[in-house]
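# Examination of the molecular architecture
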Amino acid sequence: MSDLNLLHAAQLARVTDRGAARRGDEQRELDLIADGGVAVRAGRIAAAGTTEQILSEWDDEVPTLDLTGKTVLPGLIECHSHPLFAGSRHAEYSRRLGGASLEEVVREGGGIWATVTATRSAADTDLIRQLEGAYRRILAGGVTTLEVKSGYGLTPEHELHQLALLDRSRELTPLSLVVSFLGAHVVPAGIDADAYTEEVASMLPVVLEQGVAAFHDLTCEHGLFTPQQAGRLLARSRELGIPTKVHADAWASSEGWRTAVAGGAVSAEHLTYTPDEEILDAGWTDTVAVLLPQAELVYMTERRANARLLVGRRVPVSIATDYCSSIHATSLTTTLGIAAPWFRLTPAEVLVGATLNAAYALGLQRDRGSVDTGKRADLTILGVEHPEELFLAVGQRVVDGVVIAGVPVDGLGAETSPNSPEVR
Ligand SMILES: [Zn+2]
């Protein structure tokens, strides 16, 4: 099982792992191989190169996929999503498009708090059905590994329950799920931010004991959690040994980037309002900047994250959808197509962001993110001859299917030779 040769890809983008997330000019290289091939054995990448090289060393009796006219990428990694929610916030988006301010829709009962209320009272079966549908669409968009957050519970009981549901949802999908605990998403009604910060800090050992969450995600945002409160949670996470992510500067300049870098966060997301001086001051960092173009699009922010400055300062950049109750962006490939002109990133910068750099943003770099020998055989197949064509087809279906741990999923029938094991 899960032995496979993929042959004759018009282009194979290896995005070779050189031991670190890609930065600066290195983020502009996809390491393309024409007429590419990949040998998969026992679900892992055994070799990658030209089809000729693969056939000369790996021509044993295994199923083969002929990928003539197609592009092979490392399996796409979606590193920022909130798929566990009830209710849709389309009405408030409609109000905002009609001229209402964010403050007005929140005053009318909209915003994240509306989703928290709806999600807390939803039946598990409904939440699971919502997750299943989301996973199916996300998979169809070419994703192989997906980060999923809690954060619409905001009490110990509800947060632990949401984490348990996310854990249970692994059986619904071939996607590989990475779960994050987002207790400090917003400040719940009826409690002040300091008191709630302490409550989240006290939830952390229980979350660790539960053993589902791989990350502690938290918000550093004007009007929600201050840099001091976020710093307190980052420090407590360090003591407990759980890696961190930060929702930073989505709505206002909030010292989110500075706080995430100083606190040793694995990644910081949004950065829409991060001032240029803060990027310059923070300097060299391993914290990955995860940019969310569709959040900026839907929230109609007055600014965009300064992606060019981040790349120019050699900060590793990644791109994600921010799929949530108010952004129904299940297609990562569509988001990538938007990201390039939105942030003036090159196709290669965007694709490296959603593969290798996203693997680093999830701490999975040893196993995912590139077509390198020994890594798990996660691949995304595009029905185009060159990866850059993806960017001319924004919102169109260009994903032919994916391979996860060597197993083709969705629309990729392997030619099984009579003596070979069946490939599902
Ligand atoms: Zn988010």
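Please read these numbers as outputs of a predicted model, since none were measured by experiment.

Turning to the overall build of the chain, a few remarks are in order. The secondary structure content of the chain amounts to 15 helices and 16 strands. Scaling as 2.2 N^0.38, a compact globule of 424 residues should have a C-alpha radius of gyration of about 22 Å, and the chain matches this with 21 Å. Relative to its 424 residues, the chain shows a buried fraction of 56%. In the chain, 73% of the contacts between residues at least 6 apart in sequence involve partners at least 24 apart.

Further remarks concern the packing of helix H6 (residues 156–168) against helix H7 (residues 193–210). Between H6 and H7, the shortest axis-to-axis distance is 11 Å and the interhelical angle comes to 25°. By the angle between their axes, H6 is roughly parallel relative to H7. Note on packing geometry: the crossing formed by H6 with H7 is right-handed. Residue-level contacts link Pro156, Glu159, Leu160 and Leu163 of H6 to Met203, Val206, Val207 and Gln210 of H7. Of the residues assigned to the contact of H6 with H7, the class counts are six nonpolar, one polar and one charged.

Reading across the sheet, the eight strands line up as S6-S7-S8-S9-S10-S11-S12-S13 and stay open at both edges, with parallel pairing between neighbours. In this open sheet, the two edge strands, each paired with only one partner strand, are strand S6 (76–78) and strand S13 (317–319). Each strand of the sheet is rotated relative to its neighbour by a mean of 25°, with strand direction disregarded. Pairing of strand S8 (residues 176–184) with strand S9 (residues 215–220) involves three bridges; the strand directions are parallel. Within the sheet, the bridge partner assigned to Ala184 lies in S9 and is Leu218. Of the strands in this sheet, strand S7 (143–149) and S8 touch H6, which is tilted by about 175° from S8. Strands in contact with H7 are S8 and S9; relative to S8, the strand with the most contacts, it is inclined by about 145°.

Quick look at the environment of His270 now. Along the polypeptide, His270 turns up in strand S11 (residues 267–270). The spatial distance from the C-alpha of His270 to the C-alpha of Phe181 is 18 Å, given a sequence separation of 89 residues. Non-local contacts of His270, meaning those with residues more than four positions away in its chain, are made with His247, Ala248, Asp249, Ala250, Leu292, Ala295 and Ala305.

We now examine the domain arrangement of the chain. For the chain, the domain assignment lists domain 1 (4–74 + 371–409) and domain 2 (77–361). Taking the mean C-alpha position of each, domain 1 and domain 2 sit 29 Å from one another. Facing the 27 residues of domain 1 at the interface are 30 residues of domain 2. Elements represented by at least two residues in the side of domain 1 that touches domain 2 include exactly strand S5 (71–74) and strand S15 (399–404). For the side of domain 1 that touches domain 2, the element with the most residues is S15, which contributes three residues. Grouping the amino acids of the side of domain 1 that touches domain 2 by side-chain chemistry returns 16 nonpolar, four polar and seven charged.

Counting 127 residues, the largest nonpolar core has Val38, Val72 and Leu291 as the members making the most contacts within it. At seven residues, strand S1 (residues 4–13) tops the list of elements feeding residues into this core. Among the domains, domain 1 (4–74 + 371–409) and domain 2 (77–361) are the pair contributing at least three residues each to this core. When sequence neighbours within four positions are dropped, the list of residues in contact with Val72 reads Leu6, Ala9, Leu12, Ala13, Gly36, Val38, Leu67, Leu379 and Ile381.

Conventions we followed
- Residues numbered from 1 in each chain as written.
- Predicted model: local features only at pLDDT ≥ 70, side-chain atom pairs only at ≥ 80, totals over all residues.
- Helix = DSSP H or I, 4+ residues; strand = E, 2+ residues; numbered from the N terminus.
- Rg over C-alpha atoms; globule rule 2.2 N^0.38 Å.
- Buried ≥ 20, exposed ≤ 12 C-beta atoms within 10 Å, placed from the backbone.
- Contact = placed C-beta atoms within 7 Å.
- Axes fitted to C-alpha atoms, helices over the stretch in contact; angles between N-to-C directions.
- Parallel < 35°, antiparallel > 145°, perpendicular 65-115°, else oblique.
- Left-handed = near helix turned anticlockwise from the far one by under 90°.
- Nonpolar A, V, L, I, M, F, W, Y, C, P; charged D, E, K, R; others polar.
- Pairing = 2+ DSSP bridges.
- Domains from an automatic or database assignment.
- Core = buried A, V, L, I, M, F, W, Y, C linked by C-beta atoms within 7 Å.

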